[in-house]
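Report on the structure
The lines below spell out each chain.
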Amino acid sequence: MSTTNGPSNSPASTDDDAREILRTRLEALLPDAIDDLKDLVRIPSIAFEGHDREPVRRSAEAVAALLRDAGMAEVTIESVGDGAPAVIGRTPAAEGRPTVLLYAHHDVQPTGDPADWTSAPFEPVQRGRRLYGRGAADDKAGVMAHVTALRLVGEELAAEGLGVTVFVEGEEEAGSPTFRPFIEAHRDALEADLIIVADSANWAVGTPALTTSLRGLVDVVVEVRALDHAVHSGLFGGPVLDSLTQLSRLLATLHDENGEVAVDGLAQAPDPTVEMDEADFRRDAGIPDGLALSGSGPLTAQLWTRPALSVIGIDAPAVREASNTLVPISRAKVSLRIPPGEDPEAAMDALVNHLEQHAPATAQVTVHPGEKGKPYSARQHSAAMDLARTALGDAWGTAAVDTGLGGSIPFIADLLEVFPGADVLVTGVEDPESRAHGVDESLHLDEFARVCLAEALLLRGAGSLAEAPE
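Now for a description of the structure that goes with this document. (Residues numbered from 1 in each chain as written. Predicted model: local features only at pLDDT ≥ 70, side-chain atom pairs only at ≥ 80, totals over all residues. Heavy atoms only, no water.)

Another aspect to go through is the sheet that holds strand β11 (residues 308–315). Backbone-to-backbone hydrogen bonds join strands into a sheet, with any given pair of strands oriented parallel or antiparallel. Within the open sheet, the four strands sit side by side as β11-β13-β9-β14. Their pairing is antiparallel. In the strand order of this sheet, the two ends are held by β11 and β14 (364–373), each with one partner. Between one strand and the next, the sheet's axes are offset by a mean angle of 20°, whatever the strand orientation. Pairing of β11 with strand β13 (residues 329–338) involves seven bridges; the strand directions are antiparallel. What sits directly across from Ala308, in β13, is Arg337. (Pairing = 2+ DSSP bridges. Helix = DSSP H or I, 4+ residues; strand = E, 2+ residues; numbered from the N terminus. Axes fitted to C-alpha atoms, helices over the stretch in contact; angles between N-to-C directions.)

Per the counting criterion, the structure on display carries seven aromatic pairs. Their ring planes at 5° and their centres at 5.3 Å tell us that Phe167 and Phe182 sit as a pair that is stacked. Of the two residues, Phe167 sits in strand β6 (residues 163–169) while Phe182 sits in helix α4 (residues 179–185), which places them 15 residues apart along the sequence. Among the residues examined, Phe167 registers a relative accessible area of 1% and is labelled buried. The interplanar angle of 70° and the centroid separation of 6.2 Å between the aromatic rings of Trp203 and Trp304 together place this pair among those described as edge-to-face. With a gap of 101 residues between them, Trp203 in the loop between β7 (194–201) and β8 (209–214) and Trp304 in helix α9 (residues 299–305) connect regions that are remote in the sequence. For Trp203, a relative accessible area of 24% corresponds to the partly exposed category. Each residue in the set Tyr103, Phe167, Phe179, Phe182 and Phe411 is aromatic and connected to the rest through ring pairs, giving one cluster. Over the face of the ring belonging to Tyr132 we find Arg127, whose NZ or CZ atom lies 3.8 Å from the ring centre. (Phe/Tyr/Trp six-rings, centres within 6.5 Å; stacked < 30°, edge-to-face > 60°. Buried < 20%, exposed > 50% of the residue type's maximum accessible area, 1.4 Å probe, protein only. Lys NZ or Arg CZ within 6 Å of the ring centre and 35° of its normal.)

Turning next to helix α3 (residues 140–160). The terminal C-alpha atoms of α3, which comprises 21 residues, lie 28 Å apart, in line with the 30 Å expected from a rise of 1.5 Å per residue. A maximum bend of about 65° is found in α3 at Val153. Burial runs high along α3: 15 of the 21 residues are buried. Phi turns positive one or two residues past the end of α3, at Gly161, with a value near 85°. (Expected span 1.5 Å × (residues − 1). Bend = angle between axes of the 7 residues up to and from the residue.)

Shown next, in the form of structure tokens:
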């Protein structure tokens, strides 16, 4: 074996040198990127019905200013109907060159009770290497990953003629109610050869992931009526079961004694080839010591490729307000995650049929269908997927893991239907400790830096993937 003391002129060495130069430039940009992220987190951009829409507009304006600062040639704030404001930034492609669309969203989940947080949800606080605050990870870090990548390589991409479009949605957490009409109305501006969706999670701190499948979603509200009005529990209890008890009995039929989903007619996809460490899962999920897990089979299968049912809300008297009366009407929201390959319409029918068929004779049961979102399964082998795996591996210094995700991003199916010629890559800024949607949401700042570097590397290579359509 021979060694050399001088620099190599091999392509690999040239690539390594270029990557290190980019990494050094990124280190200089990170303080401003994190400050900009903190400013975004301070805006309570909740697009849910009943919340003030002014912060959502303010958030869109802040994102637009960041994209202009990053050198985008055209930046506008758009909406369809009464939808929340979205931001479109464009640097059009030169003739014959491809275009990359970068997606993120600037709206956030409600916080729940702020008293449950260690620090104020909309006042970002850094503790160690994590930045805490609502939206710090999901998905304002995705916005800033796009902005930072463009600050890194935007000028050279423009010089090469690569088209870059940034689409930052304003209502994803609220279910993207106007997403499909929005992308149809702005089809020309959003047309792309490659779409990068920065709204997923990595395998672990220090290990990147490329999301290759997502579960879909259907939900219903089930209403149980036992009485026309509340009555005294002592005078009438016995012959009449209150609605909350009957609702509880109905909800209990959704799972068997082992915690497996008991709704007939639901599909499941093949088990994944990668497995998750149970101790890591228990830690990340916050499961108290001594509690058994529900269901059976590999954890990754239960999380990614099998249906999962949860009761996520109940309308019933609060304990502090309870009186000695039989509750006449109770409601619950039931959320069903469906695996890749499942049809949301068929899953909805199966769930509704189950609840109606298990309705007790002692109550009136009405099921109100709600949201439906399609699952997603990526092409495992393509030039875009290979480029993404390489970029992630180079940025982290370790190979990326192909993963599924138990969560849902239903709009990806809309993107594929409206832009059938595009490749879609799903990347992420979160890690298992980010607690997206939960209390004390946070972003690991070292992971954020790696995400920015990986996206810059991916954009650098995107020009070789495909030629723009004629």
